[in-house]
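# A structural walkthrough
So you can see what is in the structure, the chains are spelled out below.
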Amino acid sequence: NALDKLCKGIIRRGLTTPAIIGVEMGRPLNFLGSQTMHFFTPLISAFVPVESWNAVAEFLEHRGSVDWIRNRIEELENQADDQDKQEKLTP
């Protein structure tokens with residue numbers, strides 16, 4: 001899933017807090033952002049897989065997508081934290 005890859009990349013780079021703040025700040029522009037992504041699809045297709053790009057753009061068109069992204073980032077970060085704790089406890 002393109003969104004899971006995006007969320008995992010955010011966590012891997014340690015950008016969880018800035019990403020959540022950015023997602024929440026962009027909440028009012030959610031639909032406009034998705035339409036902008038559709039507009040730039042031909043240009044961005046040289047750099048990003050179009051299927052993933054379109055999947056994210058279509059997902060952002062729906063109400064509740066920002067909440068889902070924020071919750072998914074938090075969920076994946078908690079899983080990563082739990083895994084780190086388990087690795088530290090096992091010799």
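Residues numbered from 1 in each chain as written. Predicted model: local features only at pLDDT ≥ 70, side-chain atom pairs only at ≥ 80, totals over all residues. Heavy atoms only, no water.

## Digging into the packing of helix H1 (residues 2-12) against helix H6 (residues 65-89)
For clarity, the threshold we go by: Axes here mean lines fitted to C-alpha atoms, for a helix over just the part in contact, with angles spanning 0 to 180 degrees between N-to-C directions. Helix numbering and strand numbering both begin at the N terminus, where a helix is a DSSP run of H or I of at least 4 residues and a strand a DSSP run of E of at least 2. The cut-offs work like this: below 35 degrees is roughly parallel, past 145 is roughly antiparallel, 65 to 115 is roughly perpendicular, and the gaps in between are oblique. Take the far helix as the reference: if the near one is turned anticlockwise from it by less than a right angle, the crossing is left-handed, and if turned clockwise, right-handed. Contact definition: two residues touch when any of their heavy atoms are within 4.5 Å.
In the contact formed by H1 and H6, the axes pass within 9 Å of each other and the chain directions differ by 55°. One finds that H1 runs oblique with respect to H6. Considering how the two elements wind past one another, H1 and H6 form a crossing that is right-handed. Between H1 and H6, the contacting residues are Leu3, Asp4, Cys7, Lys8, Ile10 and Ile11 on the first element and Trp68, Ile69, Arg72, Ile73, Leu76 and Glu77 on the second.

## A few points about the nonpolar core
Rules: For the purposes of this section, nonpolar cores are sets of buried Ala, Val, Leu, Ile, Met, Phe, Trp, Tyr and Cys residues that join through side-chain atoms within 4.5 Å. Burial classification: accessible surface area is computed with a 1.4 Å probe over protein chains only, and a residue below 20% of its type maximum counts as buried, one above 50% as exposed, and the rest as partly exposed.
In this structure, Met37, Val56, Leu60 and Ile73 are the most contacted members of the largest nonpolar core, which totals 15 residues. Listing elements by their share of this core, those giving two or more residues are H1, helix H2 (16-25), helix H5 (50-60) and H6. For this core, the element with the most residues is H1, which contributes five residues. With sequence-adjacent residues up to four places away left out, methionine 37 is seen in contact with Trp53, Val56, Ala57 and Leu60.

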